Amino acid sequence: MDIRQLTNEVMAHLDELATYSEDPCGLTRVFLSPEQKRVSELVLGWMKEAGMEAWTDGIGNVVGRYEGISSGLPALMLGSHLDTVRNAGRYDGPLGVVTAIACVKALHQRQERLPFAIEVVGFSDEEGTRFHATLLGSRAMAGTFDYTVLQNVDDKGISMADAMRSYGLDPDKIVHVARRPTDLLAYVELHIEQGPVLETEGLPVGIVTSIAGATRLMVTLTGSAGHAGTVPMSLRRDALVAAAEAILFIEKRCSGKIGVPVDNLVGTVGQIQVLPGASNVIPGTAKFSVDVRAPADSDRLEAVRDIIKAIQDICSRRRIEYEIRKVHESPSSSCAPWLMTQLEAAIVAEGIQPRYLPSGAGHDAMAMAAITDIGMLFIRCKGGISHTPDESITPEDVEIGIRVFLRFIREFKPRVRCP
Ligand code: HGY
Ligand code: MN
Ligand code: MN
């Protein structure tokens, strides 16, 4: 198969993966779901067709291994995630997995072997959609899995531990997913940009310099429910109004209207649940998520501190109880200069102008940075749109991505580690 045929196969595989969703009207594929099981089987098959040995590990990651010139060599690891957000686009995650498999297939078809092994991983949960903690698959692989997350429950009250057992996985075996740093030469992830820079500058690919750190909170405010018609405004302890005041503070603080303006500091409340949720009952409970990110960890942590203090002040003024739980935190991660240089060389060799840019979105590479050097190659996406069905890429850009990634892999020079 030539690169154009591999590109067409990648696009067809992405369309096929997008049909596995819990929601017939949109793409939602969460951790430990029946849809994840079907997609894992599909990807395992594609990995084997590409000449890899393939298996599912103890947390549901799908792993393929293509041996080098001799077996058992340390691996250049490629990959991304196979889970999605709710009502997702079809490229965020799967593009990196399917493109990496296509590159290995190109080597396999020419019986090429390199002086290192290649491993491709489809991580089982990066988005944290079901259990509100992200990077579960890659953290298990990096040996940094937070076992308290096993108690997190989904919106049906099922704990992650029970969901693993129903899926056929044993939570006690997560520990065996961890890799040794000596197993890996580097982790390099191909991913859509999920931002507008490449499209604005008319470039198909970009080299990621760093990945913004993130903090996720789950906030529960408890006031008192009451009759909407009889309780005077002055006597209310309305949890939703308190949440609304907090949410407006988050927007003002992160947009620089309060405190010192910081470039690329972002704050988002993406989920909110109001109880009892009747139009004629004063909300007694409001539960909402907070997602704060910034390129510099100090800016993010300062904003999170200010947000927590604001929630406390609002609640004391409104006689509301609060619970603030930090459900996820990852520091910003820097990509390794030696990998960026090799990605740049591959881009230039393909006749494309190299563009370095940071990532505001989080990626599995952040977790893998705990045990190996990381690099990322961005592919342009239409309007920078992501995390919605409007996410879109072109086959031409995918073909360029495959050409650059394949050249990077073929010409990859492991960094010589001083003893
Ligand atoms: O939320 C993120 O940045 C990523 O898509 N998980
Ligand atoms: Mn995502
Ligand atoms: Mn992603």
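From a predicted model like this one, the values you see are computed outputs, not experimental measurements.

Engineer: Looking at this structure, how should I read the coordination of the manganese ion (ligand 3)?
Structural biologist: Tetrahedral coordination by four donors puts the ideal angle at the metal at 109.5 degrees, and octahedral coordination by six puts it at 90 or 180 degrees. Taken together, His 81 (NE2), Asp 92 (OD) and His 191 (NE2) make up the protein donors of the manganese ion (ligand 3), found 2.1 to 2.3 Å from the metal. When the donors of the manganese ion (ligand 3) are listed by position in the chain, the intervening gaps give H-x10-D-x98-H. Between the two metal centres, the manganese ion (ligand 3) and the manganese ion (ligand 2), the spacing is 3.5 Å, with Asp 92 acting as a shared donor. In this pair, Asp 92 is assigned in the loop between strand E3 (75–81) and helix H3 (94–109) and His 191 in strand E5 (residues 184–192), connecting sequence segments 99 residues apart.

Engineer: Please clarify how helix H1 (residues 3–17) should be interpreted in this entry.
Structural biologist: Note that an α-helix has 3.6 residues per turn; residues three or four places apart therefore point the same way. Between its first and last C-alpha, H1 extends 21 Å over 15 residues, near the 21 Å set by a 1.5 Å rise per residue. Among the residues making up H1, those that are buried are Ile 3, Leu 6, Thr 7, Glu 9, Val 10, Met 11, His 13, Leu 14 and Leu 17. Buried residues along H1 sit in contact with helix H2 (34–49), H3 and helix H11 (395–410). One side-chain oxygen at the N-terminal end of H1 lies 3.1 Å from the backbone nitrogen of Arg 4; it belongs to Asp 2.

Engineer: How do you make sense of the packing of helix H7 (residues 239–254) against helix H8 (residues 297–318) when you look at a structure like this?
Structural biologist: Axis angle and axis distance: for two packed helices, these are the angle between their axes and the distance between the axes, and together they describe the pair. Running from N to C, H7 and H8 point in directions that differ by 150 degrees, and their axes come no closer than 10 Å. When the interaxial angle is binned, H7 and H8 end up roughly antiparallel. Here the hand of the crossing between H7 and H8 comes out right-handed. Residue-level contacts link Val 241, Ala 242, Glu 245, Ala 246, Phe 249, Ile 250, Arg 253 and Cys 254 of H7 to Glu 302, Ala 303, Asp 306, Ile 307, Ala 310, Ile 311, Ile 314, Arg 317 and Arg 318 of H8.

Engineer: In this structure, what is going on with the packing of aromatic side chains? I would like to understand it.
Structural biologist: Aromatic ring pairs are defined here through the distance separating the ring centres and the angle between the ring planes. Taken as a whole and assessed by the stated rule, the structure comprises 7 aromatic pairs. Among the aromatic residues, those joined into a cluster by ring pairs are Phe 116, Trp 338, Phe 405, Phe 408 and Phe 412. Cation over ring: Lys 37 sits above Tyr 167, and NZ or CZ is 4.2 Å from the ring centre. Cation over ring: Arg 113 sits above Tyr 66, and NZ or CZ is 4.1 Å from the ring centre.

Engineer: I'm lost on the pairing of E5 in this one. Help?
Structural biologist: The side chains of a regular strand alternate between the sheet's two faces. Of all 9 residues that make up E5, 9 are buried, and the element is covered over most of its length. Here E5 pairs with strand E16 (residues 374–379) via 6 bridges, running parallel. Considered in E16, the bridge of Val 188 is made with Gly 375.

Engineer: Is there a simple way to explain the site of ligand 1 in this structure?
Structural biologist: Inspection of the region around ligand 1 gives Glu 126, Glu 127, Arg 216, Arg 293, Ala 361, Gly 362 and His 387 as its neighbouring residues. The contact in question runs from an oxygen atom of ligand 1 to an N or O atom on the side chain of Arg 293, over 2.5 Å. Taking Gly 362, its main chain carries an N or O atom lying 2.7 Å from an oxygen atom of ligand 1. In the complex, the protein chains occlude 93% of the 210 Å² of accessible area that ligand 1 would expose alone. The class makeup of the residues in the shell around ligand 1 is 1 nonpolar, 2 polar and 4 charged.

Engineer: Teacher, can you tell me more about the packing of H2 against H3 here?
Structural biologist: Direction vectors running N to C along H2 and H3 enclose 20 degrees, while the axes themselves pass 9 Å from each other. Between H2 and H3, the interaxial angle falls into the category roughly parallel. Across the interface between the two elements, Val 43, Trp 46, Met 47 and Glu 49 from H2 touch Val 97, Val 98, Ile 101, Lys 105 and His 108 from H3. Class assignment for the residues of the contact of H2 with H3 results in 6 nonpolar, 1 polar and 2 charged.

Conventions adopted
- Residues numbered from 1 in each chain as written.
- Chains lettered and ligands numbered in written order.
- Predicted model: local features only at pLDDT ≥ 70, side-chain atom pairs only at ≥ 80, totals over all residues.
- Heavy atoms only, no water.
- Donors = N, O, S within 2.8 Å, 3.2 Å for Na, K, Ca; no water.
- Helix = DSSP H or I, 4+ residues; strand = E, 2+ residues; numbered from the N terminus.
- Expected span 1.5 Å × (residues − 1).
- Buried < 20%, exposed > 50% of the residue type's maximum accessible area, 1.4 Å probe, protein only.
- Contact = heavy atoms within 4.5 Å.
- Polar contact = N/O pair within 3.5 Å; in protein donor to acceptor, adjacent residues only side chain to side chain.
- Axes fitted to C-alpha atoms, helices over the stretch in contact; angles between N-to-C directions.
- Parallel < 35°, antiparallel > 145°, perpendicular 65-115°, else oblique.
- Left-handed = near helix turned anticlockwise from the far one by under 90°.
- Phe/Tyr/Trp six-rings, centres within 6.5 Å; stacked < 30°, edge-to-face > 60°.
- Lys NZ or Arg CZ within 6 Å of the ring centre and 35° of its normal.
- Pairing = 2+ DSSP bridges.
- Near = heavy atom within 4 Å.
- Areas by Shrake-Rupley, 256 points an atom, 1.4 Å probe, with all protein chains shown as cover.
- Nonpolar A, V, L, I, M, F, W, Y, C, P; charged D, E, K, R; others polar.

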